[in-house]
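Chain and residue survey
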Amino acid sequence: MKKNILIAGMLLLFSNLYSQQHILLQFAAQDKIPSATVSPSTGKYVFETTDTGLKNLLNSSEVLTFTKEYPSAHLVNHPNAAILDRVYKIETVSSKTNQLYEDLKNLATTSYTSDIYLLSPSVPLFEPDDYSL
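All figures in this text were calculated on a predicted structure; none of them were measured in a lab.

Some thoughts on the overall build of the chain
- Of the regular secondary structure elements, the chain holds four helices and six strands.
- In sequence order, the chain lays out its α and β elements as α-β-β-β-α-β-α-β-α-β.
- When the 133 residues of the chain are sorted by exposure, 27% land in the buried category.
- Restricting to contacts in the chain with at least 6 residues of sequence separation, those with at least 24 account for 64%.
- Taken as a whole, the chain presents about 9100 Å² of accessible surface, with 58% of it coming from carbon and sulfur.

Written out as structure tokens, the structure is:
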């Protein structure tokens, strides 16, 4: 029984270790950030913004996560904190992440800056060998 609990715990731990790719997007101003609500029927985000190109692109991309990358940036007393407060993390269905990244780079809009990053999943730098501890 203890062995089964240990195996289940390890599976949960390592399942969160490798996540899917995500996009970091910096918006040009606070009023350019789209409002996002989760649809109760699909569980995916629905976006509203005055930029119709960005709205259509985000709504067609099956976005699963749309959150601030640095949620406490507004608490920092630094001139660049306002910039970090406009950086958002976007995760989609894994098959659509690369396409959304390319579409965001090619979209002619002033809603966000050209600072768009596609981040790959984290890879551990080493594998521990001290399992007996």
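Now that the structure is up, let's keep going.
Brief notes about the sheet that holds strand β4 (residues 63-68)
- Taken in spatial order, the four strands line up as β4-β5-β1-β6 in an open sheet, and their pairing is antiparallel. Every other strand in the sheet has two partners, leaving β4 and β6 (112-119) as the edge strands with one partner each. Strand after strand, the sheet turns through a mean of 20 degrees between neighbouring axes, direction not considered.
- Direction of pairing for strand β1 (residues 22-27) relative to β6: antiparallel, over a ladder of five bridges. If you follow Leu25 over to β6, its bridge partner there is Ile116.
- The strands that helix α4 (residues 97-106) touches are β1, β5 (87-92) and β6; relative to β6, the one it contacts most, it runs at about 160 degrees.

Side note on the side chain of Thr92
- Inspection of the secondary structure puts Thr92 in strand β5.
- Judged by its relative accessible area of 1%, Thr92 falls in the buried class.
- If near-sequence neighbours (up to four positions away) are discounted, Thr92 is found in contact with Gln20, Ser61, Glu62, Val63, Leu64, Thr97 and Leu100.

Notes on the packing of aromatic side chains
- Across all of its chains, the model carries six aromatic pairs by this definition.
- For the pair Phe27 and Phe66, a centre-to-centre distance of 6.3 Å together with 75 degrees between the ring planes defines the contact as edge-to-face. Placement of Phe27 in strand β1 and of Phe66 in strand β4 is noted, with a sequence separation of 39 residues between them.
- Using a relative accessible area of 7% as the deciding quantity, one classes Phe66 as buried.
- Between the aromatic rings of Phe66 and Tyr88, the centroid separation amounts to 4.8 Å while the plane-to-plane angle is 20 degrees, which identifies the pairing as stacked. Of this pair, Phe66 sits in strand β4 while Tyr88 sits in strand β5, and the two are 22 residues apart along the sequence. Both residues of the pair, Phe66 and Tyr88, count as buried.

With respect to the nonpolar core
- Ranked by internal contacts, the top residues of the largest apolar core, which has 18 residues, are Phe27, Phe66, Ile90 and Leu104.
- Elements supplying a minimum of two residues to this core: β1, β3 (45-48), α2 (52-59), β4, β5, α4 and β6.
- When neighbours within four sequence positions are excluded, Phe66 is seen to be in contact with Phe27, Ile33, Pro34, Ala36, Tyr45, Phe47, Tyr88, Lys89 and Ile90.

Definitions and limits used
Residues numbered from 1 in each chain as written. Predicted model: local features only at pLDDT ≥ 70, side-chain atom pairs only at ≥ 80, totals over all residues. Heavy atoms only, no water. Helix = DSSP H or I, 4+ residues; strand = E, 2+ residues; numbered from the N terminus. Buried < 20%, exposed > 50% of the residue type's maximum accessible area, 1.4 Å probe, protein only. Contact = heavy atoms within 4.5 Å. Areas by Shrake-Rupley, 256 points an atom, 1.4 Å probe, with all protein chains shown as cover. Pairing = 2+ DSSP bridges. Axes fitted to C-alpha atoms, helices over the stretch in contact; angles between N-to-C directions. Phe/Tyr/Trp six-rings, centres within 6.5 Å; stacked < 30°, edge-to-face > 60°. Core = buried A, V, L, I, M, F, W, Y, C linked by side-chain atoms within 4.5 Å.

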